[in-house]
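Listed below, chain by chain, are the residues.
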Amino acid sequence: DVKVTQSSRYLVKRTGEKVFLECVQDMDHENMFWYRQDPGLGLRLIYFSYDVKMKEKGDIPEGYSVSREKKERFSLILESASTNQTSMYLCASSPPPPRNTEAFFGQGTRLTVV
Amino acid sequence: DQQVKQNSPSLSVQEGRISILNCDYTNSMFDYFLWYKKYPAEGPTFLISISSIKDKNEDGRFTVFLNKSAKHLSLHIVPSQPGDSAVYFCAASEGASGTYKYIFGTGTRLKVLA
């Protein structure tokens, strides 16, 4: 079974802190994604990566950066956490096209910024 | 601009009856569509998918219908069970064009009443 593991289930951070959210997948997938889920807004794509050291902005990249130094690991960085970044963060991975398949999600990290 | 839309935020259905969840999209380049189910404090889990070359895909109690001309897809759950109560997200991707990302709708909360 594909496993996507996020390092924390719950995090509480202070405004202005630098926050690292870590995600590891064990299926040798090329593609990895970071989404955030907010009530009424669904899942919104922050960043994605289709190869090591490659990254592309999603729909809401402002205030975030990412790092992909190894194929299995994709990190989301909040440079200076703010209260409007309180959210559920979801990491996912998938094989590349042209074989269409589903993305596999981690269990999520509930981040609260106070 | 929302490329994938779920216009019903919530739906209540009696146990044993059919649940129909709807999704509309605007991008004609989408060629793969997925449905995910999400419980609170967990990551989304894949439910069923359909390629744009098909108009129906069935898996047990779950059937997805695709109407390309209307840019509309729907998920039918028959019969509905209390354990189906969750938030359902539809998603779309452009695998054949080499675009790797999945775009999600805002979700529909399904409540199945016993």
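S.K.: Help me understand the nonpolar core, please; the structure alone is not making it clear to me.
M.R.: Among the nonpolar cores identified, the biggest contains 24 residues, and F33, W35, L73, L75 and Y88 of chain B are the most heavily contacted of them. Secondary-structure elements contributing two or more residues to this core are β3 (19–25), β4 (32–38), β5 (45–51), β7 (62–67), β8 (72–77), β9 (86–93) and β11 (108–113) of chain B. Considering every element that reaches this core, the biggest residue donor is β9 of chain B, with four residues. When sequence neighbours within four positions are dropped, the list of residues in contact with F33 of chain B reads Y25, I48, S49, I50, S52, L66, L73, A91 and A92 of chain B. Core analysis: the second largest hydrophobic core is formed by 20 residues, I46, Y47, Y64 and C91 of chain A among them.

S.K.: Quick question: what am I supposed to make of the packing of aromatic side chains here?
M.R.: Here the distance between the centres and the angle between the planes together describe a pair of aromatic rings. Evaluation of the coordinates by the stated rule reveals 13 aromatic pairs over all chains. With a centroid separation of 5.8 Å and 75° between ring planes, the pair formed by F105 of chain A and F104 of chain B is classed as edge-to-face. Note that F105 of chain A is positioned in strand β10 (residues 104–105) and F104 of chain B in strand β10 (residues 102–104), a pairing that runs across two chains. Judged by its relative accessible area of 4%, F104 of chain B falls in the buried class. On the numbers, 4.7 Å between centres and 40° between planes, the contact of Y25 of chain B with F33 of chain B is tilted. Each member of the pair, Y25 of chain B as well as F33 of chain B, carries the same accessibility label: buried. Members of the aromatic cluster, each reached through a chain of ring pairs, are F33, Y35, F48 and F105 of chain A together with Y36, F46, Y102 and F104 of chain B.

S.K.: Please explain the interface of chain B and chain A as it appears in this structure.
M.R.: Of the residues lining the interface, 21 residues belong to chain B; the matching set on chain A comes to 26 residues. Summed over both partners, the interface of chain B with chain A comes to about 1,900 Å²; 63% of that surface belongs to carbon and sulfur atoms. Remark: the boundary between chain B and chain A carries zero salt bridges. There are six residue pairs in polar contact (both at pLDDT 80 or more) connecting chain B and chain A. At the level of elements, β4, β9 and β10 of chain B are the ones that each hand at least two residues to the side of chain B that touches chain A. Looking at which element gives the most residues to the side of chain B that touches chain A, the answer is β4 of chain B, with four residues. Classifying every residue of the side of chain B that touches chain A by side-chain character gives eleven nonpolar, six polar and four charged.

S.K.: Explanation requested: the sheet that holds strand β7 (residues 64–70) of chain A in the structure shown.
M.R.: As a general point, the strands of a sheet are linked pairwise by backbone hydrogen bonds and lie either parallel or antiparallel. All names here are of chain A. On the basis of which strands lie adjacent, the open sheet formed by four strands has the order β1-β3-β8-β7 and antiparallel pairing. Only two strands of the sheet have a single neighbouring strand rather than two, namely β1 (4–6) and β7. On average, adjacent strands in this sheet sit at an angle of 20° to one another, irrespective of strand direction. In terms of strand pairing, strand β3 (residues 19–25) meets strand β8 (residues 73–78) through six bridges, oriented antiparallel.

S.K.: What am I meant to see in the state of the cysteines here?
M.R.: One way to say it: the disulfide is the covalent bond shared by the sulfur atoms of two cysteines. All names here are of chain B. Counted according to the given criterion, the structure contains two disulfides over all chains. Here C23 pairs with C90 through a disulfide, and the sulfurs are 1.9 Å apart. Measuring the twist about the S-S bond at about 65°, one finds the C23-C90 disulfide to be right-handed. Highlighted residues: C23 in strand β3 and C90 in strand β9, separated in sequence by 67 residues. For the pair formed by C23 and C90, the shared burial category is buried.

S.K.: Looking at this model, I keep getting lost on the environment of S80 of chain A. Mind explaining?
M.R.: All names here are of chain A. As for its position among the elements, S80 is in the loop between β8 and β9 (87–94). Sequence-wise, S80 and P95 are 15 residues apart; in three dimensions their C-alpha atoms are separated by 32 Å. In this structure S80 touches G16, E17 and Q85, once residues within four positions along its chain are discounted.

S.K.: Which parts of the structure should I look at to understand a nonpolar patch on the surface?
M.R.: All names here are of chain B. On the surface, I18, I20 and V78 cluster together into a nonpolar patch covering about 230 Å² of accessible area. Take I18: it is sitting in the loop between β2 (10–14) and β3. Take I18: its relative accessible area is 40%, and that puts it in the partly exposed class.

S.K.: When you look at the sheet that holds β3 of chain B in this model, what are you seeing that I'm missing?
M.R.: With respect to topology, five strands assemble into an open sheet ordered β1-β3-β8-β7-β6 (chain B), the strand pairing being antiparallel. Of all strands in the sheet, those with a lone pairing partner are β1 (4–5) and β6 (56–59) of chain B, marking the two edges.

Parameters at a glance
Residues numbered from 1 in each chain as written. Chains lettered and ligands numbered in written order. Predicted model: local features only at pLDDT ≥ 70, side-chain atom pairs only at ≥ 80, totals over all residues. Heavy atoms only, no water. Core = buried A, V, L, I, M, F, W, Y, C linked by side-chain atoms within 4.5 Å. Buried < 20%, exposed > 50% of the residue type's maximum accessible area, 1.4 Å probe, protein only. Helix = DSSP H or I, 4+ residues; strand = E, 2+ residues; numbered from the N terminus. Contact = heavy atoms within 4.5 Å. Phe/Tyr/Trp six-rings, centres within 6.5 Å; stacked < 30°, edge-to-face > 60°. Buried area = accessible area lost by both parts, 1.4 Å probe. Salt bridge = Lys/Arg side-chain N within 4 Å of Asp/Glu carboxyl O. Polar contact = N/O pair within 3.5 Å; in protein donor to acceptor, adjacent residues only side chain to side chain. Nonpolar A, V, L, I, M, F, W, Y, C, P; charged D, E, K, R; others polar. Pairing = 2+ DSSP bridges. Axes fitted to C-alpha atoms, helices over the stretch in contact; angles between N-to-C directions. Disulfide = S-S within 2.5 Å. Patch = residues over 30% accessible without salt bridge, like charges linked within 9 Å, V, L, I, M, F, W, Y side chains within 5 Å. Areas by Shrake-Rupley, 256 points an atom, 1.4 Å probe, with all protein chains shown as cover.

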